[in-house]
Amino acid sequence: MKKIKSKNQIPARTLLRSGIFLGLFIFCIDANAQSVGYYPWNGLVSVSTNPNKSVWCDFRLQTNTLFGSLSTEILPMVNVKRTAYFQLYLGGGVRFNFIGVLANQTNNVVEGYSLNIGTRIAPFKAVPNVSVAFELAPYVVRKFDSGILKSNFGIVYTFRKKG
C-alpha cells in the first residue's frame, strides 16, 4: 500500500514541541488569575499572575481574528515602582501562534518578541481594583528583519483579598 503525503500535514515534531511547551507552561503557573484586562483597540484579553508582586507574568490572547492568527503572548514583567494607585513596570515576551500551526497557516510557532514598558493607574479611589493600562512595546518579528512600535491601552481589574 502506498502512502499519500499531503503538503498540509503538520510535522509531528512541531506538534510535540507545542504540546510540551503548553503542558509545562500550564503546570508551572499558578492557576488562579490575579488580574484580567481588555485592550479594545488591539483586541487583546489579558490574564496575569499577581501584578502587586515584584515579578509577575501576563498572558495575552488576540481576540480580533478567527483561527488564522490567534496569537498568544507570554510576558514576564518586573515592577519598577508601585504605589496604592500607580504601577510602573517593564518586561519582555514572546508571541506565539499555536493555532496557526495547527490550522496549517504557518510553520512557525514563534511569531516575534517584544519589550514592554507600561503603567497601570487606578483613577477612582472608590474602585481601586479598576486600573487604566497604557503600554509601549517595541516588537520585532521572529527573524529580526522588521518590527513595529506597538501601543496598548485598556482597562484592568485586579482581584484583591477583602480585609
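Residues numbered from 1 in each chain as written. Predicted model: local features only at pLDDT ≥ 70, side-chain atom pairs only at ≥ 80, totals over all residues. Heavy atoms only, no water.

Colleague: Just to check I follow, could you spell out the environment of Met77 for this structure?
Modeller: Within the secondary structure, Met77 is located in strand 4 (residues 72-82). The buried category is assigned to Met77, whose relative accessible area is 0%. Taking the C-alpha atoms as reference, Met77 lies 8.3 Å from Ser54; in sequence the two are 23 residues apart. Apart from the residues lying within four places of it in its own chain, the contact partners of Met77 are Ser54, Val55, Trp56, Arg60, Tyr89, Leu90, Gly91, Asn116 and Glu135. (Helix = DSSP H or I, 4+ residues; strand = E, 2+ residues; numbered from the N terminus. Buried < 20%, exposed > 50% of the residue type's maximum accessible area, 1.4 Å probe, protein only. Contact = heavy atoms within 4.5 Å.)

Colleague: Is there a simple way to think about the pairing of strand 4 in this case?
Modeller: Across a regular strand the side chains alternate sides, sitting on one face of the sheet and then on the other. Where strand 3 (residues 55-62) meets strand 4, seven bridges bridge the pair, whose relative direction is antiparallel. From the neighbouring strand, Cys57 faces strand 4, where its bridge partner is Pro76. (Pairing = 2+ DSSP bridges.)

Colleague: Would you explain the nonpolar core in this entry?
Modeller: In globular proteins that are soluble, nonpolar side chains generally tend to be buried together. Judged by nonpolar contacts, Cys57, Phe59, Ile74, Phe96, Phe98, Val101 and Val109 together constitute the single largest core of seven residues. When residues of this core are traced back to their parent elements, those giving at least two are strand 3 and helix 2 (98-102). (Core = buried A, V, L, I, M, F, W, Y, C linked by side-chain atoms within 4.5 Å.)

Colleague: I would appreciate a short explanation of the sheet that holds strand 3 in the present structure.
Modeller: With respect to topology, eight strands assemble into a closed barrel ordered 1-2-3-4-5-6-7-8, the strand pairing being antiparallel. The mean inter-strand angle of the sheet, taken between neighbouring strand axes irrespective of direction, is 25°. With eight bridges joining them, strand 6 (residues 110-121) and strand 7 (residues 130-141) adopt antiparallel strand pairing. What sits directly across from Ile117, in strand 7, is Leu136. (Axes fitted to C-alpha atoms, helices over the stretch in contact; angles between N-to-C directions.)

Colleague: Where do I start with a nonpolar patch on the surface in this structure?
Modeller: On the surface, Trp41, Val80, Leu90, Ile117, Val132, Phe134, Leu136, Leu149 and Phe153 cluster together into a nonpolar patch covering about 880 Å² of accessible area. Per element, the largest residue contribution to the nonpolar patch is three residues, and it comes from strand 7. Inspection of the secondary structure assignment puts Val132 in strand 7. Taking the relative accessible area as the measure of exposure, Val132 reaches 32% and is therefore partly exposed. (Patch = residues over 30% accessible without salt bridge, like charges linked within 9 Å, V, L, I, M, F, W, Y side chains within 5 Å. Areas by Shrake-Rupley, 256 points an atom, 1.4 Å probe, with all protein chains shown as cover. Salt bridge = Lys/Arg side-chain N within 4 Å of Asp/Glu carboxyl O.)

Colleague: Hey, could you run me through the environment of Thr63 in this one?
Modeller: Mapping Thr63 onto the fold places it in the loop between strand 3 and strand 4. A relative accessible area of 37% means that Thr63 is categorised as partly exposed. In sequence terms Thr63 and Val45 are 18 residues apart; their C-alpha atoms lie 6.9 Å from each other. The contact partners of Thr63, leaving out residues within four places of it in the chain, are Tyr38, Gly43, Leu44 and Val45.

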